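Commentary on secondary and tertiary structure
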Amino acid sequence: MLKFRKYFYTLSVVLVLSSIASLAIFGLNFGTDFNGGSIMEVRFQEERPGHNSVKSALADFELGEIIVQNADENGIILRFREVNPTLHQGILNKIETLGVLEEQRFESIGPAIGEETKRKALWSIGLVLITILIYVAWAFRKISFPLRSWTYGVVALIALFHDVLIAVGIFAALGYFMNIEVGIPFVAAILTILGYSVNDTIVVFDRIRENILTKASDFNFGELINKSLAQTYVRSLNTSLTTFFVLFAIFMLGGATIKYFVLTLIIGVAVGTYSSIFLASPLLFSWYLVQFKKSEKSS
Amino acid sequence: MVFIPSRAFGFLKFFIWPKESRRRYRTAIFAVFLVALLAANLDSPKYWNGFADWINPKLDAVDMPEPIRRLDKWEVLKKADDIIALPHFWNLPFSQGLDLQGGIHLIYKADLSNITHQDHGDAMNGLRDVIERRVNLFGVREPKVLVQEASGEYRLLVELAGITDFNEAIQLIGQTPYLEFKEERPKDEQKRLLREVLDEDQEGVTDAQLEGICSTINPQFLLIIQESGKEDPCFKVTGLTGQYLKEASVQFDPNTNQPTISLQLDDEGSKLFEQITARNVDKPLAIYLDKVLRSAPRVQEKIVGGKAQITGFDIKQAKQIARDLNAGALPVPITLISQQSIGAALGEESLRESLRAGILGIIAVVAFMIILYRLSGLLAVISLAVYLSLLLAILKLVPVTLTLPGIAGLILSIGMAVDANVLVFERLREEFQRKKEDEEDFLFILNRAYGRAWNSIRDGNISTLLTCTILFWFSTSFIKGFALTLGIGVVVSMFSAMIVTRYLMRLVGEGRLRKKEWLWIR
């Protein structure tokens, strides 16, 4: 299978590039968790009013840009700038003149907190990546041939970056077209994907390590990797499938509030499985080849 | 290679376990099932309770048999007979997060610019106490009021679960404290109101006792009465409140050197005060702050000029109260910087749908396991049931606050629990393919499979655990629940896969079934 690695690399590069492009073009649709602002979700007892009537009702409040979305059957979601409780009550009262309603939820977050959340999110993602690198390097310390132990860590990291970039890129596109927000749950999902994907990658590397340790003579790294992959891909697929069953069920039938959280997880698990088998292992081989050629040239 | 299980059991082996290996496994499995059964009942006591309710009347109806009744000891035994009844199982509900039961989550920024650096901690604690007292008036089961320090500023975090009127809550929390002057009620009225309150609880309180209550006043008692919605029995409202206060300061009595709180009322307030003190000479004048009776000094004479003094505090309390009154009662001014309120309805719906979906997903997984891995798969499914009941019980006992993402994490961890089993089974398949004829013992192969698989399981799960730890540190209570659930799930899943499934397989595999390879793998 390693002979097809050029195709896999191409696919990965294409995906990553388009994700970066997606990020650049669509940008991430940061929600109130990161930017501050307010979200108000109300459910009307009877028919919900049109978006324009809502916006004109709120015109006097000077809320700046108001985004109105439909939710479920009779609900609407409004987004505007941060407001204090008095103003919030005023807004609620005004909208109530359009019809009997019940407020389902309301969030108003100041910009300071938003900034902080952004910082914390970046920090934690960075921290997870570093910790994983260290752990993998340590777990594979017994091997120094044919690749140094930290190489495994670096390759695992590359696979992770690849996974996260693609997930984020897809989300940027979704955010633009379907107006899905990026908030704290999204960051949590990304961190989960990191943990899960590395789990997968390690299982494959583990098999490679075991095969290296048991084979003494007649060493052919390429063959060894191929064999390891053949031995583990069934397990990888089965595990991902079982996780998929459950996640998919929740996504299709589950509650509206965690739909997109679960969607992120699904995308992440899919890409993570792909990267463990088709990206990480071929990368090891390519690294080995490069190293080999270098040492040949020097001798 | 599999060092963790054997080390733990090596220790136990020494003390309790029978030497025969088959009995050892049976005992272990039996113990695990027993715990799982207990756990399952903790998770959902309604089945046990339903059974208890059904059987208890039957037990009552049963009498001791004839021969025993004839013994002299019948009385004692009869008592025993009455006592024998099945008790209800401990009903420990899940700790639900804000997004499941509804509630509000507020973050206030405290303005400490007027307070010296070393007093910061005290000021924040004072602030927390005041707010906590106000919050308690809502009767929320577990209110959370916490001081936080972040980005160089001090914050107060308030979380109230299960409230419905959000705006009322927010207003009450940020409000200035209520100063009231009250005058004594006529004795008859006092007794009447006290009787109204007390007669509900006790019978036959004498007049003398009633008089005693209002003369040696217990502020806690009065507070409780007011909080339960009844009128203050000892004092009545005069209309003179904190809105008439111009300034409060701490002075020292020149004679006794005791600290006193000196109140200066504005013009209108002074006039009112004059009238009130005039008609209350030689009677106590009660001063209330946030519905708590603070002081009831005796009025010596009519007071002109709106100056009043409250004594009976030490210097620290005096300073605090003066500060409260001046700042409008909060020791530190606060501004609301973040507010999240969630209605319960949204959470409940989401929860129901997600649980239903989760169950469907699990059914798919069960089918998958049995089809692919046959008997091994079936055993893994049983072990998963044990896993689930243990996990839920742990979540209840710790307790871990369940949020919607937390439930998603729980369901995800089931997938990971399956993963560990899959790893072992694939290994088992390999080992079977590799063995030479009927040479090697099934149990031997099983051991080898587990041994080899353990490394992958351990490494993979540790990286997930590392991620959970960082997630836990980073986030708000919403995601903390997710991290904790996933983390605990991963740990328990390792136990269930490495120990429970394995022991089950050993038990079942020791009989005739071990020869039939097709039962175990495909």
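In what follows, the accompanying structure is described. (Residues numbered from 1 in each chain as written. Chains lettered and ligands numbered in written order. Predicted model: local features only at pLDDT ≥ 70, side-chain atom pairs only at ≥ 80, totals over all residues. Heavy atoms only, no water.)

Section: the sheet that holds strand β7 (residues 259-265) of chain B
Residue and element names in this part refer to chain B. The three strands lie next to each other as β6-β7-β10, forming an open sheet whose pairing is antiparallel. What marks the edges here is a single partner per strand, and that holds for β6 (245-252) and β10 (307-310). The average angle at which neighbouring strand axes cross in this sheet is 25°, direction not considered. Pairing analysis gives seven bridges linking β6 to β7, with the strands arranged antiparallel. Bridge pairing in β7 places A248 opposite L263. Lying over the sheet, helix α12 (residues 267-279) contacts β7 and β10, oriented at roughly 110° with respect to β7. (Pairing = 2+ DSSP bridges. Helix = DSSP H or I, 4+ residues; strand = E, 2+ residues; numbered from the N terminus. Axes fitted to C-alpha atoms, helices over the stretch in contact; angles between N-to-C directions. Contact = heavy atoms within 4.5 Å.)

Describing the sheet that holds strand β1 (residues 37-44) of chain A
Taken in spatial order, the eight strands of this open sheet run β2(A)-β3(A)-β1(A)-β4(A)-β11(B)-β1(B)-β3(B)-β2(B), and their pairing is antiparallel. Each end of this open sheet is capped by a strand with a single partner; those strands are β2 (67-71) of chain A together with β2 (144-150) of chain B. Within the sheet, the average angular offset between the axes of one strand and its neighbour, ignoring direction, is 20°. With eight bridges connecting them, β1 of chain A and strand β4 (residues 101-109) of chain A associate as antiparallel partners. Directly across from V42 of chain A, in β4 of chain A, lies its bridge partner E103 of chain A. Helix α5 (residues 111-139) of chain A contacts β4 of chain A together with β1 (103-110), β2, β3 (153-161) and β11 (334-342) of chain B of the sheet and is inclined by roughly 70° relative to β4 of chain A.

Here we look at the packing of helix α1 (residues 5-26) of chain A against helix α6 (residues 149-178) of chain A
Residues and elements named next belong to chain A. Packing of α1 against α6 brings their axes to within 8 Å, and their N-to-C directions diverge by 40°. Considering their axes alone, α1 and α6 lie oblique with respect to each other. At the point where α1 passes α6, the crossing takes the left-handed sense. When α1 is examined against α6, the residues S12, L15, V16, S19, I20, S22, L23 and F26 are found in contact with a partner set consisting of H162, L165, I166, V168, G169, A172, A173, Y176 and F177. Partitioning the contact of α1 with α6 into residue classes produces 12 nonpolar, five polar and no charged. (Parallel < 35°, antiparallel > 145°, perpendicular 65-115°, else oblique. Left-handed = near helix turned anticlockwise from the far one by under 90°. Nonpolar A, V, L, I, M, F, W, Y, C, P; charged D, E, K, R; others polar.)

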